[in-house]
Amino acid sequence: LKRCSSRFKDLAAPLVANAVSVTNEKWRDAAAKIGGRVGAKITGALERNEVLKTLDIGYSNIGSKGAAAIAEALRGNAVMTELDVSWNSIGPAGAAALADALRGNGVLTDLNLCYNEIRDEGAAAIAEALRGNGVLTNLVLMSNNIGDEGAAALASALRVNGVLTNLNLGQNYNIGDEGAKALASALRVNGVLTSLDVGFNDLTEEAALGIVRVERQRNKLTSLALENCGIGPTGAAEVAEYVSGSGVLKNLDVRRNEISGDAAQQLATAVLASPSLELFGSVPLKDLRENTLDKLDLRQKGLSRCGKSVGVPEALVLAKLVEGSVVLATLNLRFNTIGDEGAAAIGKALEVNAVMITLDISDNDIGDEGAKALASALRVNAVLAKLNLDGHELDLPKLRGTDPVASLDLSCKRLGPASAIVIASLIAGNAVMTTLNLGVNYIRAEGAAAISEALRGNEVLTELDLSYN
């Protein structure tokens with residue numbers, strides 16, 4: 001038997017070598033047709049690897065002709081499993097060429113076509129290929145100007161496709177209620193898809209909830225993204241019920257919806273009680289629960305979808321986890337939308353948190369109520385040392401007087417009313433500071449009133465500059 005096995009290997013080796021040689025020659029042809037930086041990248045990858053199993057040519061602007069060359073190389077390819085052609089302007093024609101190659105490809109499992117303007121025609125071509133493809137598990141079609149027609153075609157393919165587990169249709173902006181209904185209907189008969197992103201499209205709340213309602217019965221999705229889907233208080237309550245009943249959901253994204261007040265609290269309660277959820281929007285539930293993070297940066301970086309965007313529900317969840325954290329020392333939430341509700345929740349968490357040293361919640365639409373909640377927390381929290389509410393980091397020990405200074409210059413720091421309210425709360429008990437300069441800021445009447453009230457209990461401060469506010 002061993003001799004037979006050895007003989008088989010001897011016979012198979014030349015065949016495998018020949019297949020690899022033919023495949024690599026196809027990639028060299030593709031490199032020659034595309035040329036430039038991308039051609040060099042493919043050639044370089046072939047030189048570094050005996051076989052080309054993964055290829056990332058994102059951000060290369062290869063266009064439809066380049067996509068056709070890649071498609072030709074994929075035909076009959078028996079080794080490549082991952083291909084990233086994102087940000088390449090391949091258009092519908094390029095998508096059609098790749099789709100045709102997918103029909104005869106038996107190994108490619110991951111395909112990223114995001115930001116390619118493939119539109120409905122390209123999505124329909126990909127959908128047709130999915131009907132007969134038995135290996136592709138991950139398909140990213142984010143930001144391709146796909147509308148209802150393309151979504152319906154993909155939904156139809158999902159009815160018969162038995163392998164695709166991840167479908168990303170986020171940020172297409174044009175998928176509306178009809179497309180969402182088609183996807184929800186397909187999910188009823190699809191038993192394998194575990195990750196779906198339809199965020200940043202043209203869905204109404206009812207259409208988004210249609211997917212949620214199907215999934216409550218199906219209970220297969222481990223990841224669901226409904227970002228910016230018009231979900232309000234009523235919808236949030238339904239999402240909360242879905243979370244409470246799911247034992248498999250690990251990632252839920254409902255950021256940039258209109259969820260606040262009691263609805264936000266109900267959703268936050270369900271998220272915190274979930275035994276399976278690991279990520280809520282951008283909040284890393286699992287890591288925070290396991291106390292593995294000493295720093296957490298959730299800044300919103302720009303206006304793109306890749307930004308963090310922590311809103312009220314996320315802030316409520318985060319605050320509760322901060323409350324029990326024993327390692328998280330630095331938290332950055334700058335440029336988000338936590339508002340007074342989120343600030344108040346974080347303030348409550350700070351009353352019991354004994355490890356956080358640095359907190360940045362600037363540019364979060366925090367008004368007087370949120371600032372007062374934070375100020376109240378700082379009366380009992382002596383650990384937090386740095387707080388940024390308006391773009392300038394306040395040195396809390398100096399303001400408290402625990403790091404004694406006689407004079408403090410905070411002029412021209414663009415401080416607003418929120419910072420002034422916190423400053424007022426701290427200087428009220430400061431027994432060493434005699435001079436404080438808050439000139440040329442934006443503390444306005446609310447901030448000035450808070451400072452004035454603080455001075456009633458302060459008998460040490462003799463010089464105060466509030467000019468140009």
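Coordinates for the structure precede this section.
Conventions we followed
- Residues numbered from 1 in each chain as written.
- Predicted model: local features only at pLDDT ≥ 70, side-chain atom pairs only at ≥ 80, totals over all residues.
- Heavy atoms only, no water.
- Phe/Tyr/Trp six-rings, centres within 6.5 Å; stacked < 30°, edge-to-face > 60°.
- Helix = DSSP H or I, 4+ residues; strand = E, 2+ residues; numbered from the N terminus.
- Buried < 20%, exposed > 50% of the residue type's maximum accessible area, 1.4 Å probe, protein only.
- Core = buried A, V, L, I, M, F, W, Y, C linked by side-chain atoms within 4.5 Å.
- Pairing = 2+ DSSP bridges.
- Axes fitted to C-alpha atoms, helices over the stretch in contact; angles between N-to-C directions.
- Parallel < 35°, antiparallel > 145°, perpendicular 65-115°, else oblique.
- Contact = heavy atoms within 4.5 Å.
- Nonpolar A, V, L, I, M, F, W, Y, C, P; charged D, E, K, R; others polar.

Colleague: Kindly report on the packing of aromatic side chains, identifying the contributing residues and their values.
Modeller: Counted according to the given criterion, the structure contains 3 aromatic pairs. Ring geometry for Y59 and W87: centres 5.1 Å apart, planes at 10°, overall stacked. One end of the pair, Y59, is in the loop between β1 (54–56) and α3 (63–74); the other, W87, is in the loop between β2 (82–84) and α4 (91–103), and 28 residues separate them in sequence. The exposure class of Y59 is exposed, given its relative accessible area of 59%. An aromatic cluster of three or more residues is present, and its members are Y59, W87 and Y115.

Colleague: If you had to explain the nonpolar core to someone new, which residues and values would you point to?
Modeller: Of all hydrophobic cores here, the largest spans 143 residues; its most connected members are W27, I70, I361 and I423. The dominant element in this core, judged by the number of residues it contributes, is helix α12 (residues 312–323), at 8 residues.

Colleague: How would you summarise the sheet that holds strand β15 (residues 407–409) if you had to cite specific residues and measurements?
Modeller: With respect to topology, 3 strands assemble into an open sheet ordered β15-β16-β17, the strand pairing being parallel. Strand pairing shows two members of the sheet lacking a second neighbour, β15 and β17 (463–465), which therefore form its edges. Strand after strand, the sheet turns through a mean of 0° between neighbouring axes, direction not considered. Pairing geometry for strand β16 (residues 435–437) and β17, over 3 bridges, is parallel. Paired with N437 across the two strands is D465, which belongs to β17.

Colleague: Outline the packing of helix α9 (residues 233–245) against helix α10 (residues 261–273), supporting the account with residue identities and numerical values.
Modeller: At their nearest, the axes of α9 and α10 sit 9 Å apart, and the two run at 10° to each other. Between α9 and α10, the crossing angle belongs to the class labelled roughly parallel. When α9 is examined against α10, the residues P233, A236, A237, V239, A240, V243 and S244 are found in contact with a partner set consisting of A263, Q266, L267, A270 and V271. Grouping the amino acids of the contact of α9 with α10 by side-chain chemistry returns 10 nonpolar, 2 polar and no charged.

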